[in-house]
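Each chain, letter by letter, is given below.
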Amino acid sequence: SRERVTRWVDGGCLEGSIELVAGGRGWGEGLHQISNPTGIFVDSSGAVYVAEYWNHRVSRWRPGATCGEVVAGGNGVGGD
């Protein structure tokens, strides 16, 4: 699935490996999934925040997590 966020570990893109940090379990609205990620942010603790276009939410994925948690939105399209 392309609905995922990854990072390079152990030496970068030539010598390292790729680690899954969010999603990667198919497209969808479950907390183990992401849908059309449009932006990411990494905080000082290593948690990854993912802005998801189709789920209308921002999810936080703590280091080592297999599921994210909704930190903003997630209740459908906003109003005017």
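Above: the structure in question.
Right, let's walk through the structure included here.

Conventions adopted
- Residues numbered from 1 in each chain as written.
- Predicted model: local features only at pLDDT ≥ 70, side-chain atom pairs only at ≥ 80, totals over all residues.
- Heavy atoms only, no water.
- Helix = DSSP H or I, 4+ residues; strand = E, 2+ residues; numbered from the N terminus.
- Buried < 20%, exposed > 50% of the residue type's maximum accessible area, 1.4 Å probe, protein only.
- Contact = heavy atoms within 4.5 Å.
- Salt bridge = Lys/Arg side-chain N within 4 Å of Asp/Glu carboxyl O.
- Phe/Tyr/Trp six-rings, centres within 6.5 Å; stacked < 30°, edge-to-face > 60°.
- 1 Å grid on protein atoms, 1.4 Å probe; cavity = no way out; pocket = protein on both sides within 12 Å on 5 of 7 lines; lining within 4 Å.
- Points joined across faces, edges and corners; volume = space filled by probe spheres on them.
- Nonpolar A, V, L, I, M, F, W, Y, C, P; charged D, E, K, R; others polar.

Describing the overall build of the protein chain
Logical step 1: Within the protein chain, the regular secondary structure consists of 1 helix and 6 strands.
Logical step 2: Each helix and strand of the protein chain, placed in order from N terminus to C terminus, yields the pattern β-α-β-β-β-β-β.
Logical step 3: Within the protein chain, buried positions represent 28% of all 80 residues.
Logical step 4: If you take every contact in the protein chain between residues at least 6 apart in sequence, the share linking residues at least 24 apart comes to 25%.

Overview of the environment of V21
Logical step 1: Within the secondary structure, V21 sits in strand β2 (residues 17-23).
Logical step 2: Residues V21 and R7, spaced 14 residues apart in sequence, show a C-alpha to C-alpha distance of 7.0 Å.
Logical step 3: Excluding residues within four positions of it along the chain, V21 makes contact with V5, T6, R7, V48 and W61.

Describing the pattern of salt bridges
Between side chains of opposite charge, pairing is possible as soon as their charged atoms come close.
Logical step 1: In total, this model carries 3 salt bridges according to the counting rule given.
Logical step 2: A salt bridge links E52 to R57; its shortest N-O distance comes to 2.9 Å. As far as the burial class goes, E52 and R57 line up, both buried.
Logical step 3: Taking the shortest distance from any N to any O, the salt bridge between R60 and E69 comes out at 3.3 Å.
Logical step 4: For E69, a relative accessible area of 30% gives the class partly exposed.

Quick look at the packing of aromatic side chains
Logical step 1: The tally for this structure, following the rule as stated, stands at 2 aromatic pairs.
Logical step 2: Seen in terms of ring centroids, Y53 and W54 are 4.8 Å apart; in terms of plane orientation they differ by 85°. Their pairing is edge-to-face.
Logical step 3: Given the relative accessible area of 47%, Y53 is considered partly exposed.

Some points on the side chain of S35
Logical step 1: With respect to the helices and strands, S35 occurs in the loop between β2 and β3 (37-42).
Logical step 2: When its relative accessible area of 0% is taken as the criterion, S35 is described as buried.
Logical step 3: Every residue in contact with S35, bar those within four places of it in the chain, is listed here: E3, W27, G28, E52, Y53, W54 and N55.

A look at the layout of surface pockets
Logical step 1: Estimates place the volume of the largest pocket at around 210 Å³.
Logical step 2: Around the largest pocket sit 15 residues that line it, and R7, E19, V21, G46 and V48 are the ones nearest its centre.
Logical step 3: Across the lining of the largest pocket, the residue classes break down as 9 nonpolar, 3 polar and 3 charged.

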